[in-house]
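The residues making up each chain are set out below.
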Amino acid sequence: MASITRRNALKRAGLGVAALGMSGNVVTNLAAGTPPIVPADRQFGTLRVGMASYSMHKFGYPAVLAACRRLGIHQLSLKDAHLPLTSTAEEIESALQAAQAAEVAITSCGVVYLKDDDASMQKALDYAHALRVGVMVIGVSHAMLPRLDRVVKRNPSQLKLAIHNHGPNDKLFPSPLEVYQAVQGLDRRIGLCMDLGHTFRMHENLIADLNHTRDRLYSIHFKDLESGDVNAKGVPVGTGALPTIPVLRHLGAMPYTGEVQLEYESEADDPIPGMAESFGFMRGVLQAGRG
């Protein structure tokens, strides 16, 4: 198989920023009109690739949906900044209808930071149930896990809860390996969301961690960083230090059936060009991997 570089991956995808016709301030105009609908994208192969709406936390929900349409993305992980946990049933249903109209499926929500009491945990689960998502990505402490296990066992739904790791500065779960160890013996619906950037900051082998946690790995936050430094900034996927090509190939070969959500945390005022480049690179790698 021919080697893959960032350049030929983007060429294979044909989805660089210029190809999408995006200017630097495109986000400000996305929600104003009706952007073109991109045909359903099957260029990610078997992977379920979507957008973590936190990437657009400075913008409203209509702009998030418009960006998904413009980028050809049909799966979304919804942050509560775009639909608060206090939303009514009517507001949640309206958000779902808007997503359907934009040809976007809300597949997960989070990160939702849970409180250590039964009522608030159940309220968070009820929110996820109302959204009809398969996964809720959560923040939780070790001490809260027995309570969470009891609350989950009282719920008959198949909703999966994925504990997010946040790297060296995280006092709760820095590494996905710590999450994996902590959920052993808990309800099988409690697993992890591996943040690749934060895991890379831990100087861990990403592919080894994917293999070790695969049976409880329900979500992945995909990103790239300029280096492995604790305070390294995010960059478009394929331009940084993470082994993004081997990771993408490995996920396809496992095969990994959970969600892969691009979480682009750089350029918060203008994230669309970087996300376009990132998705284009990911498409190109996965297409070339089939060649």
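This one's a predicted model, so the numbers in the text were calculated from it and none came from an experiment.

> Can you lay out the overall build of the protein for me, pointing to particular residues and giving the numbers?
Along the protein, the regular secondary structure elements total twelve helices and ten strands. When burial is assessed residue by residue, the protein has 56% of its 291 residues classed as buried. Taking all contacts inside the protein whose residues are at least 6 apart in sequence as the whole, residues at least 24 apart take part in 80%. Accessible area of the protein: about 12,300 Å², with a carbon and sulfur share of 53%.

> For the pairing of strand β5 (residues 160-164), give the residues involved together with the corresponding values.
Along β5, four of the five residues are buried, which leaves the element largely enclosed by surrounding structure. In terms of strand pairing, strand β4 (residues 135-139) meets β5 through four bridges, oriented parallel. Opposite V137, over in β5, you have A162 as the bridge partner. Remark: the β4/helix α7 (residues 145-153)/β5 crossover connection has right-handed handedness.

> Summarise helix α6 (residues 118-131); cite the residues concerned and give the values.
Under the 1.5 Å per step criterion, the end-to-end length of α6 is 20 Å for 14 residues, consistent within 8% with the ideal 20 Å. Three or more residues of α6 are buried, namely M121, Q122, A124, L125, Y127, A128 and L131. Looking at the buried side of α6, the elements it contacts are β2 (75-78), α5 (89-101), β3 (105-113), β4, α7 and β5. Capping the start of α6 is the job of one residue whose side-chain oxygen sits 3.2 Å from the backbone nitrogen of A119: D117. Remark: R132 follows α6 within two positions and exhibits a positive phi of approximately 60°.

> I'd like a description of α5, backed by residues and values.
Relative to the 18 Å expected for 13 residues at 1.5 Å per residue, α5 spans 18 Å between its end C-alpha atoms, a close match to the ideal helical length. Within α5, burial applies to I92, A95, L96 and A99. In an axial view of α5, the angular spread of the buried residues amounts to 100°, which keeps them on one side of the axis. In this structure, α5 carries E90 and A101 as exposed residues pointing more than 90 degrees from its buried face. Against the buried residues of α5 lie α4 (61-71), β3 and α6. Phi turns positive, to about 60°, at E103, one or two residues after α5.

> With reference to specific residues and values, describe the sheet that holds β4.
Read once around its circumference, the closed barrel built from eight strands follows the order β1-β2-β3-β4-β5-β6-β7-β10, with strand pairing classed as parallel. Each neighbouring strand pair of the sheet contributes to a mean axis angle of 30°, computed without reference to strand direction. In terms of strand pairing, strand β7 (residues 217-222) meets strand β10 (residues 259-262) through four bridges, oriented parallel. Note on β10: the bridge partner recorded for H221 is Q261.

> Break down the nonpolar core for me, citing the residues and quoting the values.
Nonpolar side chains tend to gather and get buried jointly when the protein is soluble and globular. Of all hydrophobic cores here, the largest spans 81 residues; its most connected members are M51, L76, L131, M136, F222, L251 and F279. A total of eight residues in this core trace back to one element, the largest contributor, which is helix α12 (residues 272-289). In this view, L76 contacts M51, S53, Y61, V64, L65, C68, V104, A105, I106, T107, S108 and Q261; residues no more than four positions away in its chain are not counted. If you look at the next biggest cluster of nonpolar residues, it comprises six residues, including V111, V135, C193 and Y218.

> Outline the packing of helix α10 (residues 206-213) against helix α11 (residues 244-253), listing residues and values.
The interhelical angle for the contact between α10 and α11, taken along N-to-C directions, is 25°, at an axis separation of 10 Å. With respect to their mutual orientation, α10 and α11 come out roughly parallel. The element α10 and its partner α11 pack so that their crossing is right-handed. Between α10 and α11, the contacting residues are L206, I207, L210 and N211 on the first element and P246, V247, H250 and L251 on the second.

Rules of the game
Residues numbered from 1 in each chain as written. Predicted model: local features only at pLDDT ≥ 70, side-chain atom pairs only at ≥ 80, totals over all residues. Heavy atoms only, no water. Helix = DSSP H or I, 4+ residues; strand = E, 2+ residues; numbered from the N terminus. Buried < 20%, exposed > 50% of the residue type's maximum accessible area, 1.4 Å probe, protein only. Contact = heavy atoms within 4.5 Å. Areas by Shrake-Rupley, 256 points an atom, 1.4 Å probe, with all protein chains shown as cover. Pairing = 2+ DSSP bridges. Right-handed = clockwise from strand over helix to strand, strands pointing away. Expected span 1.5 Å × (residues − 1). Polar contact = N/O pair within 3.5 Å; in protein donor to acceptor, adjacent residues only side chain to side chain. Arc of directions from axis to C-beta. Axes fitted to C-alpha atoms, helices over the stretch in contact; angles between N-to-C directions. Core = buried A, V, L, I, M, F, W, Y, C linked by side-chain atoms within 4.5 Å. Parallel < 35°, antiparallel > 145°, perpendicular 65-115°, else oblique. Left-handed = near helix turned anticlockwise from the far one by under 90°.

Honestly, that's just the spatial picture; any functional story needs more than this.
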